[in-house]
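Here is what each chain is made of, one letter per residue.
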Amino acid sequence: MKTLETNDWVILNTIIYKIYTMEDFDEMRRELLEQLKLLINFDSADFYLASSREGKMLDRPVMLNCEVDLSETYEQLDESRGIMMSGKSLIYRETDIVSDEMRTETEFYQKVYKPNNWHYSLQMVLAKEKKFLGVITFYRTIGKENFRYNDIFILDMLKEHLAYRIDRNFMSGGDESVKLTVSEAVEQYSLTRREHTILRMLMQGKESNAICEELSISANTLKKHILNIYRKLGIRNRVQLFKKIKERED
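All of these numbers come straight from a predicted model, not from anything done at the bench. (Residues numbered from 1 in each chain as written. Predicted model: local features only at pLDDT ≥ 70, side-chain atom pairs only at ≥ 80, totals over all residues. Heavy atoms only, no water.)

Draft legend 1. Expanded view of the side chain of Asp167. Tracing the backbone through its elements, the reader meets Asp167 in helix H8 (residues 159–171). The residues touching Asp167, leaving out its near neighbours within four places in the chain, are Lys128, Lys131 and Leu133. (Helix = DSSP H or I, 4+ residues; strand = E, 2+ residues; numbered from the N terminus. Contact = heavy atoms within 4.5 Å.)

Encoded structure:
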């Protein structure tokens, strides 16, 4: 195992400080992924929170170099579900669980890794008092070496701090005091172009029938888009939407 240099410890201490002090919870998560790239070599990452909605496991993704929300794919796979719902904080490489030869034949690899040109992953499952809180997955593209045990050591230094902050965020009902602009929400929650358009129109106060007419879509199609927006933003209704998003761009 490679010994951490003085600069690595400085970065770790900075990350821990930001975990506790950054007021915007989702901005903290995004900053965490950015900062961890200074310590761990990865190409993409996603950070999901445990969902409070019935029938859902994962919600509110923050992504780095990822374009697709993979929550539904994760939730359909028994292996992933079992590990996340164990009630324990775990940090592991997927190759620590199953051999590289076997994993490339699994549904998980075919559905998640192959389409994104990923091969190896390092996962950080976060839990507190036997309650699943969230999961971070780091990916390396095909052709790169596997993650090292030193990477696991770095994440192990952070897991209790992150679990505490996530649990506190859940207890407080989330950081709703800091509103996002529509543009910020689109970028932060990876909304599609159509979802961006609909969100902007909702924030302009337009009624559903007017939106359908302007976009030439059915009421059912609009409803599906709105539900997808709610799911990505981790909210349930328009009241929460107006609490989370600014009505006007700055």
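Draft legend 2. Representation of the packing of aromatic side chains in the model. Scanning all chains against the criterion turns up 8 aromatic pairs. Relative to Tyr139, the ring of Tyr113 lies with its centre 5.9 Å away and its plane at 75 degrees, an arrangement referred to as edge-to-face. Of the two residues, Tyr113 sits in helix H6 (residues 107–113) while Tyr139 sits in strand S5 (residues 131–141), which places them 26 residues apart along the sequence. Ring geometry for Trp118 versus Tyr139: centroids 3.6 Å apart, planes at 10 degrees, classification stacked. Within this pair, whereas Trp118 is found in strand S4 (residues 118–128), its partner Tyr139 is found in strand S5, the two being separated by 21 residues in sequence. Take Trp118 and Tyr139: they sit in the same class, and that class is buried. Ring pairs connect the aromatic residues Phe108, Tyr109, Tyr113, Trp118 and Tyr139, which therefore count as one cluster. Its end group placed over the ring of Phe47, Arg29 keeps NZ or CZ at 5.0 Å from the ring centre. Of note, Lys37 hangs over the ring of Phe42, and the distance from its end group to the ring centre comes to 4.7 Å. (Phe/Tyr/Trp six-rings, centres within 6.5 Å; stacked < 30°, edge-to-face > 60°. Buried < 20%, exposed > 50% of the residue type's maximum accessible area, 1.4 Å probe, protein only. Lys NZ or Arg CZ within 6 Å of the ring centre and 35° of its normal.)

Draft legend 3. Quick look at the nonpolar core. One finds Leu32, Leu36, Phe47, Ile136, Phe138, Leu158 and Leu162 to be the most contacted residues of the largest nonpolar core, which totals 35 residues. Elements supplying a minimum of two residues to this core: helix H1 (6–21), helix H2 (25–36), strand S1 (44–50), strand S2 (58–64), S4, S5, helix H7 (149–156) and H8. Filtering out sequence-adjacent residues up to four positions away, Leu158 remains in contact with Leu12, Ile15, Ile16, Ile19, Leu32, Leu36 and Met124. If you look at the next biggest cluster of nonpolar residues, it comprises 23 residues, including Ile211, Leu222, Ile226 and Ile229. (Core = buried A, V, L, I, M, F, W, Y, C linked by side-chain atoms within 4.5 Å.)

Draft legend 4. Here's a closer look at the sheet that holds strand S3 (residues 90–93). In space, the 5 strands of this open sheet follow the order S2-S1-S5-S4-S3, with antiparallel pairing throughout. In this open sheet, the two strands that pair with only one neighbour each are S2 and S3. Across this sheet, the average inter-strand angle for adjacent strands is 15 degrees, counted without regard to direction. Bridging between S1 and S5 involves 6 bridges; their strand directions are antiparallel. Residue pairing for S5: Asp46 is matched across the bridge by Thr137. Lying over the sheet, H2 contacts S1, S2 and S5, oriented at roughly 40 degrees with respect to S2. (Pairing = 2+ DSSP bridges. Axes fitted to C-alpha atoms, helices over the stretch in contact; angles between N-to-C directions.)

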